[in-house]
Structures are given as structure tokens and as C-alpha cells.
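Spelled out, the chains give:
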Amino acid sequence: MPLWALLLLIAFAAVTFASHFLFPSVRWFFRRRLERAVSKLNTRLKRPIEPFKLARRHDMILRLIYDPDVTQAIVDYAAKHKVREDVAFEKARSYAREIVPSFSAFAYFSLGTRLANWLARLLYDVRTGPKNGEIIDGIEHDATLIFIMNHRSNMDYVLVTTLAAQSSALSYAVGEWARVWPLSRLIKAMGAYFIRRRSRGGLYRTVLARYVQMATTGGVTQAIFPEGGLTLTGAVRPAKLGLLSYVVEGWKPGGRDVVFVPVAINYDRVLEDRVLIGAAMRGDRRFGASKRSVTRAALRIVWQRLIGRFQRFGTAAVVFAEPVRLSAYGEAPRLEDLGRDLMGRIEAAMPMLTVPLISRALLRAQAPMDEAALTDALQAMRAEGGANPGLITIGADDVALACKALARRGAIRQGDAGWTVTEEGKPLLAYYAASVAHLLPEEDAAPASHFSAPAGS
């Protein structure tokens, strides 16, 4: 036998041995270690990771595309678009591969939650509602928990991931902004699933709906932003009912209950505020922040941190409202009523922070206000709006720091008589005042004209 033929035979034998014996054994070894690690982790979590979330991604994709509803949608798609059913099947498979995450407990708890906690504590003084833990503890373990949140910043993902880390692993619905490599790989490893917000195709909607319903039936803890995107004005927007409709339609009376926990999030400073205000003034949702500007801002924060000159962006607060059980709506829940109830509870629980209240006070003021007058006004507004005293206290030092932060951004200026709003700062202050406007009567601090012209800064 020629030497080249012998070497080729040995190579084929080695590949066969590796693929049939070595690789399966190695995969089995690491999978067993992973299962033991997850079992140990589940003893520390208030809500253990459900088997659905730990299923292999390949198996989950097959289960999804062979679902009867998806199969019927494939047939309908083929008939409507006059293509072969195997072509429609491949289209459904591509949708399933795009949606289904590849959850890694290691990536989530060893990397993701630690990074989220570090980033949140680096940028903000993070405050939580005094009843947050009590609310989660009061939810039965066999129910599916779904956090329903207002969407003010992309930091929302980071904050809620940090707060939920002691309870369970969250599964987020994220938009197309995150479908860039390598961010997409990390996000999928964290258990998030992508959704196309502009897709209206029946086949895609069926695949997405069935995945959400399977996850809900499987008890996966989820997080949903029902507003459908970041608020441009600072105010809470009405709920878009897409994902909520999938949850409601897939729920069966008498089965596993679904418990929604409304989550109100507010900030003393939203990282993207200038970008969002600019989009509001143009009347579109084209966010002009470039990768270069984002990278430059991140590097500036890192440098200031290294030289000890970095100051955090004030307070970021997360408050859980009283849960809503889907079973409480009867056997045929009305989706519109559910959406209004959830968003109403989010609005009622909205944290009343220093910068939003200062913004409202200064926009309403007929004359300059010094820090003592601002402190009195803020305390009166908090009492009037029913602010939770267990969340934060506002004193003269807090007002002074917040005013200096707004002054550095050119939003307010200090004169002999006190602080006044600059013309360029009106849109910025209106944006923050809008986050608490619904809690306070006779609100006239944020008229629409504040968003009708460029901010000039």
C-alpha cells in the first residue's frame, strides 16, 4: 500500500473515531458537569432555572418548526407566495434559528450578571423599592413570572438583570439593534431572543408567538418592554400588545398561572437623553448616535475613572408594583384591559427622583430659585405625589449636586438670586419632568413646544 494511501486511511479513521466516540464523550462529560453546576445554582435561586431554558438549542428549534401551528403557517405561506413547501419550511427554520436563544448558565451568572452589576454600580447610585424582594417572594414558584417594564434607556436591561439575579435568569425580548456580532452571540447566551419589530409576515409572527407561548408554558421567567421602544419624551407610553397577546392567547385556564410584575424605572440621567430628545423634535425614531461617539463616551468614562475624576450620573431607581395574575381576568382575559392595568401600575409606582423634580420646579418657576427653595419645593412635590419615603430622601446636598450636574450640561445657570433654566436646557428639563408629570396635579412644566425645535446643544 502506498504511503499516501496509508496516511489517508489513518486520517479517515481518526476523524471517524473522533466524531463517533471522542466528541460525544467529551460533550457528555462537559454536559454532566454543567448539569451538576446548574443543580447547585438552583439551590441558591428563589426561582430555579426551568428545564425548558436548559434544553439544547437545536432540539428547541426542531420542536418549534414542527409545532402544528407553525406547520400550518408554513402551508399557508407556501400557498400565498406560490412557493414549494420545502422553501417555506426553510424560511420558518431561519426564523426559528434567529429567535431561539442558546442560553448558557455560565455566561449569564458568571459573566453577564457580574458585568451588569459592575456597570450599574459604576454609573449610578442604584436604589430599589423597599418591597421588591417581598413581592417576588410572594409569587408562587409554579407560576410563570413576567416582568413588565417601562423603557427609558438601554441601561434598563442592565438594571433589571442585576436586581433579578438572585431570583432567576431572565429571558429578554430584544430588538434588531442587538443583532450585530459579537454582541448577538453574548445576548443569546444570556437567554434573550430577538424580535423583528417591523415584521408583519404571518409566518414570522406564528413562529415568534409559538416560541413565546412555549417559554411561558415552560415557566421561563421573562422581561418585556410593552412600549415597543425607548420613550422619546420621557413619559410612559401606552402598551403595544404584540408580545402580551401571544402570552394571553397561549394561556389555558386551569394551567400554569402567569404573574405579571409591573416594574417602574427612572433615572437622574438617561445616557441617551440628547439622542432621544433629538428624535422627538424631528418626529422620527432615527437615533443619530454613531458607534464612534458611543465608543468615545465610554473611553472618556474609563479615563475619568482611572484618574479618579469620574462622578456617577445620580440615582437610578427600580420599583416593583403589585403583581397582576392572568387568572384574575377570568377564562377570557381582555387584552386591552390587561395592558392598561399594567401600564397604570407602572405609572403609579414611578420613582420621584431629584433631577426630574428639579426640572419640574424650575420649568414652573416664575423667578430664580435658590437651593433652599428648591429643596422645599421638591419635598412638597414628593409628599403631594405620594413618593415612597423608603426609596430615597432628598436633602440640600442632593439638590446641590443635581443642580451642579445640570449646570455642567448647560441646562441651568446660577445667578445671584438662584438657579434658572437656559433656553437650550428647556427640552432637556422637559424630558425629565415628563417622567413624573402624571403623579403631580396641574402639570404645565413640559409643553409640547419644548420639543418643537433643536436643543442647540
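Given the structure is predicted, the values throughout are model-derived calculations rather than measurements.

Attention now goes to the pattern of salt bridges. Opposite charge on two side chains makes pairing possible when the charged atoms of those side chains draw close. The tally for this structure, following the rule as stated, stands at twelve salt bridges. By sharing partners, the salt bridges in this structure join Asp67, Asp69 and Arg210 into a single network.

This next bit is on the packing of helix α15 (residues 354-364) against helix α17 (residues 396-408). Look at α15 against α17: their axes get within 10 Å of each other, and the N-to-C directions meet at 75°. By the angle class used here, α15 and α17 are roughly perpendicular. On α17, the residues that touch Thr354, Val355 and Ile358 of α15 are Asp398, Val399, Ala402, Cys403 and Leu406.

Below, the discussion takes up the nonpolar core. Core analysis: the largest hydrophobic core is formed by 136 residues, its most contacted members being Phe147, Tyr172 and Phe260. Examining the composition of this core, we find that nine residues originate from one element, helix α10 (residues 202-217), more than from any other. Per-domain counts for this core show at least three residues from each of domain 1 (96-271 + 313-349) and domain 2 (354-439). Beyond its immediate chain neighbours, meaning those up to four positions away, Tyr172 contacts Met149, Asp156, Tyr157, Val160, Thr161, Gly191, Ala192, Tyr193, Ala223 and Phe225.

Now for empty space enclosed by the protein. One pass over the full model with this rule turns up three cavities of 30 Å³ or more. Put simply, the largest cavity is a space of about 110 Å³. Residue composition of the lining of the largest cavity, by class: eight nonpolar, three polar and one charged.

This part covers a nonpolar patch on the surface. A contiguous nonpolar patch, built from Leu3, Leu6, Leu7, Leu9 and Ile10 and spanning about 490 Å² of accessible area, is present on the exposed surface. As for its placement among the helices and strands, Leu9 is situated in helix α1 (residues 3-42).

Let's shift gears to the packing of aromatic side chains. Taken as a whole and assessed by the stated rule, the structure comprises eight aromatic pairs. Note on Phe147 and Phe320: the rings are 5.5 Å apart at their centroids and 45° apart in plane angle, and the pair reads as tilted. Of this pair, Phe147 sits in strand β2 (residues 144-149) while Phe320 sits in strand β7 (residues 315-320), and the two are 173 residues apart along the sequence. Overall, Phe320 belongs to the buried group, its relative accessible area being 9%. Measuring from centroid to centroid gives 5.0 Å for Tyr157 and Phe225, while their planes differ by 65°, and the two rings are edge-to-face. Of this pair, Tyr157 sits in helix α8 (residues 155-164) while Phe225 sits in the loop between β5 (222-224) and α11 (242-250); the two residues are 68 residues apart in sequence, bridging distant segments of the chain. Comparing Tyr157 with Phe225 shows no difference in burial state: the two are buried. By the ring-pair criterion, three or more aromatic residues cluster together here, those being Tyr124, Tyr267, Phe310 and Phe313.

What follows covers the confidence of the model for the protein. Averaged over all residues, the pLDDT of the protein equals 84, while 83% of them reach at least 70. Ranking the elements of the protein by mean pLDDT puts helix α9 (residues 183-189) last with 64 and helix α18 (residues 426-433) first with 96. Low pLDDT, under 50, characterises residues 451-457; the predicted model gives this stretch 17 contacts beyond four residues in sequence or across chains.

Once that is clear, we can look at the packing of α15 against α18. Two elements in contact, α15 and α18, have axes whose closest approach is 7 Å; the angle formed by their N-to-C orientations is 120°. Of the possible angle classes, the one that applies to α15 and α18 is oblique. As for the relative orientation of α15 and α18, their crossing is left-handed in sense. Residues Val355, Pro356, Ser359, Arg360, Leu362 and Leu363 of α15 lie in contact with α18, whose contacting residues are Lys426, Leu429, Ala430, Tyr432 and Ala433. Looking at side-chain class alone, the contact of α15 with α18 contains eight nonpolar, one polar and two charged residues.

Turning our attention to the pairing of strand β3 (residues 171-174). Burial along β3 is two-sided: Ser171 and Ala173 and Tyr172 and Val174, pointing in opposite directions, are all buried. Strand direction decides the pairing type here: β3 and β5, joined by two bridges, are parallel. Counted as the bridge partner of Ser171 is Gln222 from β5. Both β3 and strand β4 (residues 193-194) contribute to a ladder of two bridges, which runs parallel. Across the sheet, Val174 pairs through a bridge with Phe194, a residue of β4.

As a further point, take the pairing of strand β6 (residues 258-267). Within β6, ten of the ten residues are buried, which leaves the element mostly enclosed by the surrounding structure. On β6, burial covers both faces: Val258, Phe260, Pro262, Ala264 and Asn266 on one face and Val259, Val261, Val263, Ile265 and Tyr267 on the other are all buried. Examined bridge by bridge, β2 and β6 share six bridges and lie parallel to one another. The residue of β6 that forms the bridge with Leu145 is Val259. Where β6 lies against strand β8 (residues 324-325), two bridges are found, and the strand directions are antiparallel. When the bridges of β8 are listed, Phe260 appears paired with Val324.

This part covers the environment of Arg312. Positionally, Arg312 belongs in the loop between α13 (291-306) and β7. When the C-alpha atoms of Arg312 and Leu122 are compared, they prove to be 6.9 Å apart, with 190 residues separating the residues in sequence. Dropping the residues within four chain positions of it, Arg312 is found in contact with Arg121, Leu122, Leu123, Tyr124 and Asp125. At 3.1 Å, the side chain of Arg312 forms a polar contact with the backbone oxygen of Arg121. At 3.0 Å, the side chain of Arg312 and the backbone oxygen of Tyr124 are in polar contact.

Thresholds, definitions, all that
Residues numbered from 1 in each chain as written. Predicted model: local features only at pLDDT ≥ 70, side-chain atom pairs only at ≥ 80, totals over all residues. Heavy atoms only, no water. Salt bridge = Lys/Arg side-chain N within 4 Å of Asp/Glu carboxyl O. Axes fitted to C-alpha atoms, helices over the stretch in contact; angles between N-to-C directions. Helix = DSSP H or I, 4+ residues; strand = E, 2+ residues; numbered from the N terminus. Parallel < 35°, antiparallel > 145°, perpendicular 65-115°, else oblique. Contact = heavy atoms within 4.5 Å. Core = buried A, V, L, I, M, F, W, Y, C linked by side-chain atoms within 4.5 Å. Buried < 20%, exposed > 50% of the residue type's maximum accessible area, 1.4 Å probe, protein only. Domains from an automatic or database assignment. 1 Å grid on protein atoms, 1.4 Å probe; cavity = no way out; pocket = protein on both sides within 12 Å on 5 of 7 lines; lining within 4 Å. Points joined across faces, edges and corners; volume = space filled by probe spheres on them. Nonpolar A, V, L, I, M, F, W, Y, C, P; charged D, E, K, R; others polar. Patch = residues over 30% accessible without salt bridge, like charges linked within 9 Å, V, L, I, M, F, W, Y side chains within 5 Å. Areas by Shrake-Rupley, 256 points an atom, 1.4 Å probe, with all protein chains shown as cover. Phe/Tyr/Trp six-rings, centres within 6.5 Å; stacked < 30°, edge-to-face > 60°. pLDDT = per-residue confidence, 0-100. Left-handed = near helix turned anticlockwise from the far one by under 90°. Pairing = 2+ DSSP bridges. Polar contact = N/O pair within 3.5 Å; in protein donor to acceptor, adjacent residues only side chain to side chain.

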